[in-house]
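# Fold and geometry: a report
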Amino acid sequence: MRNVTNRLALPVALAAVLALVACGGGGGTSSGPPTQTGDLALGVIAPFTGPAAEFGTLLTAPCLAATDLINSDGGVMGHKVNCTSIDDTGDAADAVPNVTKAIATTTNLDWAIGLESNTAATTVPIVNGAKIPFFTTNGLTAFTKNNYAYYYRMTPGDDANGAAFAVWAVQQGYKKIAIVFQNNIGSEGNLPGLQAAMPKLGGSIALNLTIPADAASYSSDVERVIQASPDVLIWSADPQTTATFMANYKQLNNGNLPPMVTATDSLTPDFFNAVTKTVGADYVTNKIWLVGSYFDQTTAAFNTYKAALLADSKTHDIAPVLSTVGPPAGAYDGINIMALAMIEAKTTIGSYYNQYILDVVKPKSGATVVSNFADGAAALKAGKQIQYVGVLGQPTFDKYHNSAGEFDANKFNADGSATEVGKISGAQVIQLLG
Amino acid sequence: MQLFVEAIGFGIASGAVIALGAVGFSVQFGMSNILNITYGSLMTLGAYVGLFLIDRSVSPWVALAVAGAVVGAISVVFHRVLLAPLVRRGTRAFALVIVTVSAGVILQYVIVAFAGPDAKSYGELSGQTFRLLGFVLTASQVTIIVIAVVLMLALHLLLTQTHLGRAMRATASNRILAQSCGINTDFVSDLAWLLSGALCGAAGVALAITTVSFDFSLGPVFLIPMIAAAVLGGIGQPYGAMLGGLVVGVATELTAAYSNPEYSQVAAFAILIAMLLIRPRGLFGAAWATRRLMA
């Protein structure tokens, strides 16, 4: 009798477990995949404290814009969405406990954005390991080829950015460049692309300096740049380091400053204000080019995005500038794509809806092309296939889930907003890297 | 050769700023035997007091003096209200360090709450550029060097040539013995915190002028080079801290001029370690101060 009981125990237990799984443990129905109950937490994994804290603000903005629109449309399958700040502090080591704790303690955290360059090396494996789909804004070349199933990137890698810097500098007639990058992983990631592209474009690198952040003086570094007499400065550094360096340059070069090509990462109020205060608005608006991923700012998707930024009191003031910057726009698109993938998968659980993400953006005949969440959700509800084409245009993910797109060059306006002044072919950039 | 001479000049200029803070730190530690990490955040506070005044069209040099006075007064209160009671209760040195670290972090957050996290600037205050004997220095750099030298000399004279200075040194050396000799050690201690705090506030403004752009992390970022300069010169010795600051500044600039600037601070700290291996009490340090530092 005892043997019979033991033999029966295993199948009964298995049946019980299967029944629980089918119910999802969270209010799902037995007819579909498991899902969750209650509000959804959308993780904004970014620095909210420390020297890089401005990234937290910049990445929260697209989250607010996207979730405002999603919630006003009734949420994702009726779930309201909240942006949840997860402070990675901008430090790769400090990020580990913070992100791990947030994943363990936050209810319904099954999607995320952010994971920028300073911390991506440690945060990407953690979030991927938790089976949480995420759209990262990092530009690290280390992720150009990767094996993370839940990883998606809609911004170009730093190596591609570096090559785009070179293309733009040469297009402006500057063939002798000096490279000055701050010693952080994001800035230095531009170097391989620059070094690969410059010789192919007929240019030369007169000097290549890596400088520390927050020094009391950069006078000796500046003197080396002046002695190299470059046509243009290829630059990547935080606002304060830039302000100190350029102030030293102005002092030591009789008030003259070289033209600068830098990344659209610097298209921030902090950078504009810090550098304008130290070397003047004339230089900042006329001699600095900001090169980065390009997107058409006349599309319906862009107008919806910008209107949402303007409508939220927390993002209203930064909307004119922020709406023109690639990585936040990529984060906004990423949220819409994940939300639509949830609806298509009929579940909000990452490990289930992840396989639908590529399907949401994949070009397919007969699909309804949508440029915002509401249209996509309505089409899916009507049983149609959809193809999301967002602010950054048609995403073209490679097998590593990277979608680089095109590049453009911008200049600051007097109010700190930016104007596009030229385009750089993404195909040319990729060719130069090859 | 031209770059070498220029780098020496740049090093003297940035070293003077480090020295200004290092002298105050050295005096404070020498007098109180407390490794006050809040010093960095107080320096930041000085920079923001300067910003408040300069934004209201006050001369930067007047702002430097006022910031010194404000931070000096706050330092006295900080010592009286928080640190002195802990010392009286026999709190261990390590715990005191943690208290000062905590207070520094709190002060940083208070500054952010009032002034915001974004970068600030006094604007371009460097003034005319002078080229002399291969050195290239701006008017503001020359002024800061002069201020640092004058304050160092004044402090040196105070400590060595006045009754008050002798009382301060006596209190630093043996507080109980000083009390039994009739010295009002509480008053002397307050004065030491006032003076060192004033140097801390002035250093904050000088740093903000030099770096041109700054935020709430200004002081803590530069505290380590300042402590290095103070230790290099010999704790408790103003002229030692001054020399230490110059060594740190010049080593940093020479490294930036001739090798990878990324490692410019590494050179300064390598010199510090080498110096301590050869001469544990620093360039001018007294044996008692070294024992305290090692304790």
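Residues numbered from 1 in each chain as written. Chains lettered and ligands numbered in written order. Predicted model: local features only at pLDDT ≥ 70, side-chain atom pairs only at ≥ 80, totals over all residues.

## Focus: the overall build of chain A
Convention followed: The numbering of helices and of strands both runs from the N terminus, where a helix is a DSSP run of H or I of at least 4 residues and a strand a run of E of at least 2. When we talk radius of gyration, it's over C-alpha atoms, and the globule rule is simply 2.2 Å times the number of residues to the 0.38. Think of it as a crowd count around each C-beta: if 20 or more other C-beta atoms lie within 10 Å the residue is buried, if 12 or fewer it is exposed, and in between it is partly exposed, with C-beta placed from the backbone throughout. Here the contact rule is simple: place C-beta atoms from the backbone, and any two residues whose C-beta atoms are within 7 Å are in contact.
Each helix and strand in chain A was counted, giving 18 helices and 14 strands. Over its C-alpha atoms chain A spans a radius of gyration of 24 Å, differing by no more than 12% from the 22 Å that the globule rule assigns to 434 residues. When each of the 434 residues of chain A is scored for burial, the buried share is 57%. Expressed as a percentage of contacts within chain A between residues at least 6 apart in sequence, the contacts between residues at least 24 apart total 70%.

## Overview of the overall build of chain B
Counting its regular elements, chain B contains 12 helices and four strands. Taking 19 Å as the expected radius of gyration for a compact globule of 295 residues, we find that chain B reaches 19 Å, a close match to that expectation. Projected onto its principal axes, the C-alpha positions of chain B cover 55 × 45 × 35 Å. Burial analysis of chain B (295 residues in total) assigns 55% to the buried set. Nonlocal contacts in chain B, meaning residues at least 24 apart in sequence, comprise 77% of its contacts between residues at least 6 apart.

## Focus: the environment of E116(A)
All names here are of chain A. When you line up the elements, E116 lands in the loop between β3 (109–114) and α4 (120–129). On the basis of neighbour counts, which here come to 28 C-beta atoms within 10 Å, the residue E116 falls in the buried class. Placed 26 residues apart in sequence, E116 and G90 show a C-alpha to C-alpha distance of 8.2 Å. Other than its neighbours up to four places away in sequence, E116 contacts A46, F55, T137 and N138.

## Points about the sheet that holds β3(A)
All names here are of chain A. Keep this limit in mind: Strand pairing requires that DSSP identify at least two bridges connecting the strands. Under this scheme, a helix contributes an axis fitted over its contacting stretch, all axes are lines through C-alpha atoms, and angles between N-to-C directions fall in the 0 to 180 degree range.
Pairing within the open sheet is parallel, and its five strands lie in the order β2-β1-β3-β4-β5. Of all the strands in the sheet, the pair left with one neighbour each is β2 (81–87) and β5 (151–153). Here the average twist between neighbouring strands, direction ignored, is 30°. Packed onto the sheet, helix α3 (residues 92–105) meets β1 (40–46), β2 and β3 and runs at close to 150° relative to β2.

## Brief notes about the pairing of strand β14 (residues 418–424) of chain A
Residues and elements named next belong to chain A. Two strands pair when backbone bridges link them, and strand β13 (residues 406–412) and β14 are joined in this way by six bridges, in the antiparallel orientation. Paired with F412 across the bridge in β14 is A418. Where β13 folds back onto β14 in an antiparallel hairpin, the turn is made up of five residues, including G416, whose phi is positive at roughly 95°.

## Overview of the sheet that holds β13(A)
All names here are of chain A. With mixed pairing, the seven strands of this open sheet are ordered in space as β7-β6-β8-β9-β10-β13-β14. Looking at the sheet topology across the chains shown, the edges are occupied by β7 (204–211) and β14. Here the strands of the sheet are splayed against their neighbours by 25° on average, with no regard to which way each runs. One ladder, built from five bridges, connects strand β10 (residues 288–294) with β13; its direction is antiparallel. Residue pairing across strands places L290 opposite N410, the latter belonging to β13. Packed on one face of the sheet, helix α7 (residues 191–200) meets β6 (176–182), β7 and β8 (232–236) and runs near 170° to β6.

## Observations regarding helix α2 (residues 54–72) of chain A
All names here are of chain A. Heads up, the condition is: Between the first and last residue of a helix there are one fewer steps than residues, each counted as 1.5 Å, and that sum is the expected span.
For α2, which comprises 19 residues, the first-to-last C-alpha distance of 27 Å matches the rise-based estimate of 27 Å (1.5 Å per residue) to within 8%. The buried fraction of α2 amounts to 15 of the 19 residues, a majority that puts the element mostly inside the structure. Just past α2, the residue G74 takes up positive phi, approximately 100°.

## Quick notes on the domain arrangement of chain A
Residues and elements named next belong to chain A. For clarity, the cut-off: Note that the domain bounds reflect an automated or database-derived domain assignment. All residues other than Ala, Val, Leu, Ile, Met, Phe, Trp, Tyr, Cys, Pro, Asp, Glu, Lys and Arg, Gly among them, are scored as polar; the first ten of these are nonpolar and the last four charged.
Once the domains are mapped, chain A shows domain 1 (40–156 + 301–388) and domain 2 (158–293 + 407–433). Computed from C-alpha coordinates alone, the two centres of domain 1 and domain 2 are separated by 29 Å. In this assembly, 17 residues from domain 1 lie in contact with 20 residues from domain 2. Contributing elements (two or more residues each) for the side of domain 1 that touches domain 2: α2 and α13 (319–322). Here the residues of the side of domain 1 that touches domain 2 are counted per class, giving eight nonpolar, eight polar and one charged.

## A short note on unusual backbone geometry
The residue S229(A) is not glycine, and still its phi comes out positive at about 40°. As for its placement among the helices and strands, S229(A) is situated in the loop between α8 (219–228) and β8. Judged by local crowding, S229(A) falls into the exposed class, with 11 C-beta atoms found within 10 Å. You will see that V212(B), though not glycine, has its phi angle at about 70°, which is positive. Its location among the elements puts V212(B) in the loop between α8 (185–211) and β4 (213–214). For V212(B), a count of 29 C-beta atoms within 10 Å translates into the label buried.

## Concerning the pairing of β10(A)
Residue and element names in this part refer to chain A. A large share of β10 lies buried, amounting to seven of its seven residues. Bridge count for strand β9 (residues 260–263) against β10 is four bridges, and the pairing is parallel. From the neighbouring strand, A263 faces β10, where its bridge partner is V291.

## Describing the nonpolar core
Keep this limit in mind: Only buried Ala, Val, Leu, Ile, Met, Phe, Trp, Tyr and Cys residues enter a nonpolar core, and they are joined through C-beta atoms within 7 Å.
Ranked by internal contacts, the top residues of the largest apolar core, which has 236 residues, are V127(A), F134(A), V291(A), L340(A), A19(B), L20(B) and V23(B). Among the elements that make up this core, the one with the highest residue count is helix α1 (residues 2–32) of chain B (16 residues). When residues of this core are assigned to domains, at least three map to each of domain 1 (40–156 + 301–388) and domain 2 (158–293 + 407–433) of chain A. Those residues in contact with L340(A), other than ones at most four positions away along the chain, are V360(A), F373(A), G376(A), A377(A), L380(A), I386(A) and Y388(A).

## Points about the interface of chain A and chain B
Facing the 27 residues of chain A at the interface are 36 residues of chain B. Elements represented by at least two residues in the side of chain A that touches chain B include exactly β7, α8, α9 (239–252) and α10 (269–279) of chain A. The dominant element in the side of chain A that touches chain B, judged by the number of residues it contributes, is α9(A), at seven residues.

## Here's the deal with the confidence of the model for chain A
Rules: Confidence per residue, as judged by the predictor, is encoded in pLDDT with a range of 0 to 100.
In the predicted model, chain A carries a mean pLDDT of 89, and 93% of its residues have values of at least 70. Confidence drops under a pLDDT of 50 for residues 1–30 of chain A, and excluding neighbours within four residues, the segment shows 15 contacts in the predicted structure.

## What about the packing of helix α2 (residues 38–54) of chain B against helix α9 (residues 218–233) of chain B?
Residues and elements named next belong to chain B. Rules: For classification purposes, angles smaller than 35 degrees are called roughly parallel, those larger than 145 roughly antiparallel, those between 65 and 115 roughly perpendicular, and all remaining angles oblique. Here a crossing is called left-handed whenever its near helix is offset anticlockwise from the far helix by less than a right angle, and right-handed whenever the offset is clockwise.
At a closest axis distance of 7 Å, the pairing of α2 and α9 adopts a crossing angle of 130°. Looking at the two axes, α2 sits oblique to α9. For the crossing formed where α2 meets α9, the hand is right-handed. Here Y39, G40, S41, L42, M43, T44 and A47 of α2 lie close against α9, whose contacting residues are L218, G219, P220 and L223. Here the residues of the contact of α2 with α9 are counted per class, giving seven nonpolar, four polar and no charged.

## Details of the confidence of the model for chain B
All names here are of chain B. For chain B, per-residue confidence averages 88 on the pLDDT scale, and 96% of positions sit at 70 or higher. When mean pLDDT is taken per element in chain B, α2 scores highest with 96 and helix α12 (residues 287–294) scores lowest with 48. Taken as a whole, residues 290–295 scores under 50 in pLDDT and shows six contacts with residues more than four places along the chain or in a different chain. Under the prediction, the complex receives an ipTM of 0.83, its pTM being 0.73.

## Details of the environment of I227(B)
All names here are of chain B. Note that I227 resides in helix α9. Judged by local crowding, I227 falls into the buried class, with 23 C-beta atoms found within 10 Å. Each C-alpha atom, one on I227 and one on A22, is 6.2 Å from the other, the two residues being 205 residues apart in sequence.

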